[in-house]
Amino acid sequence: MILPAIIIVAINISSSFAFHPIIANSLKFHLNPTRDRGRTILSSQVRFMSSEGSSEGGTSGCVPCSGLTSSNILSSEQIQKEIKDTLWKFEEQNGIACICLSYTAKNFQAAMDSLNAVGVIAEREAHHPDLHLSNYREVEIVLWTHKLGGVTNNDIQLAKMLDSEIKILYSPKWLKENPLASESSISEEKK
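This structure is a prediction, so every number in the text was calculated from the model and none was measured.

### Quick notes on the overall build of the chain
Logical step 1: When helices and strands are tallied, the chain shows five helices and 10 strands.
Logical step 2: Within the chain, contacts between residues at least 6 apart in sequence are counted, and of these 56% link residues at least 24 apart.
Logical step 3: Counting every atom, the chain has about 10,900 Å² of accessible surface; 52% of that belongs to carbon and sulfur.

Structure below.
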């Protein structure tokens, strides 16, 4: 089974999954593996956990896309207001309005850890961003509601969740150039 955007790195050993301990520790997520037709699968009970062991929260979750219409697409002014004072940028890519977060992780492992953490939250919320990794540590997260072809409140809420729930080991040089990222940064000592 291939998981989209490499959500979880796993090693298949005798038809059971052994999760990489560094990834599991740095993400602090709880997995609930189950058996299905002789193979181990990950259930939808994947939750991003705080260090205290309870589910992170505080922001409202995504609204199912089936309940959205074109009237839910936000204007560029609304989007700019919502992402003001964050690292998220409003862009148009291929004629589609979206919000993007780009950063440089300290190394490949830090980039993968952050993408895996995004995957856990995206699965939990059933709202999936486009994820890009280039030059082994350059990360870009692109959010837009695919069904409607624009940015909705779902995208804004997911961006806020990612900002509040994920801590990233950034490149020291990039972090120095982007002091706003210090709130979502982890240092080597905390890792």
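### Focus: the confidence of the model for the chain
When pLDDT is low, close inspection of the predicted coordinates is not appropriate.
Logical step 1: Across the chain, the average pLDDT comes to 75, with 65% of residues at or above 70.
Logical step 2: Overall, residues 1-59 carries pLDDT values under 50, and its contacts beyond four positions in sequence, including any with other chains, amount to 84 contacts.

### Things to note about the nonpolar core
Logical step 1: If you look at the biggest cluster of nonpolar residues, it comprises 32 residues, and the most contacted ones within it are Trp88, Ile99, Tyr103, Ile141 and Leu162.
Logical step 2: Among the elements of the structure, helix H2 (76-83), strand E8 (96-104), helix H3 (108-125), strand E10 (138-143) and helix H4 (153-165) are those that each provide at least two residues to this core.
Logical step 3: In terms of residues, this core owes the most to one element, H3, which gives seven residues.
Logical step 4: With residues up to four places along the chain from it excluded, the contact list for Ile99 reads Ile79, Ile83, Trp88, Lys89, Phe90, Ile141, Val142, Leu143, Val151, Asp155, Ile156 and Ala159.

### What about the pattern of salt bridges?
Logical step 1: For the structure shown, the criterion picks out three salt bridges.
Logical step 2: The closest approach of N and O atoms between Glu82 and Lys160, which form a salt bridge, is 3.3 Å. Separated by 78 residues along the polypeptide, Glu82 in helix H2 and Lys160 in helix H4 bring together distant segments of the chain.
Logical step 3: Overall, Glu82 belongs to the partly exposed group, its relative accessible area being 35%.
Logical step 4: Linking Arg124 and Glu125 is a salt bridge whose minimum nitrogen-to-oxygen distance equals 2.8 Å.
Logical step 5: Exposure remark for Arg124: the relative accessible area of 27% places this residue in the partly exposed category.
Logical step 6: Overlapping salt bridges, with partners in common, bring together Arg124, Glu125 and Glu165 in one network.

### Observations regarding unusual backbone geometry
Logical step 1: Phi is positive for Asn94, close to 55°, though the residue is something other than glycine.
Logical step 2: You can see Asn94 is positioned in the loop between strand E7 (89-93) and E8.
Logical step 3: Under the relative-accessibility criterion, Asn94 is labelled exposed at 81%.
Logical step 4: The phi dihedral of Ala126 is positive, around 55°, even though this residue is not glycine.
Logical step 5: Counting through the fold element by element, Ala126 comes out in the loop between H3 and strand E9 (130-134).

### Points about empty space enclosed by the protein
Logical step 1: This structure, assessed with the given rule, holds one cavity of 30 Å³ or more.
Logical step 2: Considered as a void within the structure, the largest cavity measures approximately 90 Å³ in volume.
Logical step 3: Here the lining of the largest cavity is composed, by residue class, of nine nonpolar, one polar and one charged.

### Focus: the side chain of Ser114
Logical step 1: The topology assignment puts Ser114 in helix H3.
Logical step 2: Leaving out residues up to four positions away in the same chain, Ser114 has contacts with Tyr103, Val139, Ile166 and Ile168.

Thresholds, definitions, all that
- Residues numbered from 1 in each chain as written.
- Predicted model: local features only at pLDDT ≥ 70, side-chain atom pairs only at ≥ 80, totals over all residues.
- Heavy atoms only, no water.
- Helix = DSSP H or I, 4+ residues; strand = E, 2+ residues; numbered from the N terminus.
- Contact = heavy atoms within 4.5 Å.
- Areas by Shrake-Rupley, 256 points an atom, 1.4 Å probe, with all protein chains shown as cover.
- pLDDT = per-residue confidence, 0-100.
- Core = buried A, V, L, I, M, F, W, Y, C linked by side-chain atoms within 4.5 Å.
- Buried < 20%, exposed > 50% of the residue type's maximum accessible area, 1.4 Å probe, protein only.
- Salt bridge = Lys/Arg side-chain N within 4 Å of Asp/Glu carboxyl O.
- 1 Å grid on protein atoms, 1.4 Å probe; cavity = no way out; pocket = protein on both sides within 12 Å on 5 of 7 lines; lining within 4 Å.
- Points joined across faces, edges and corners; volume = space filled by probe spheres on them.
- Nonpolar A, V, L, I, M, F, W, Y, C, P; charged D, E, K, R; others polar.

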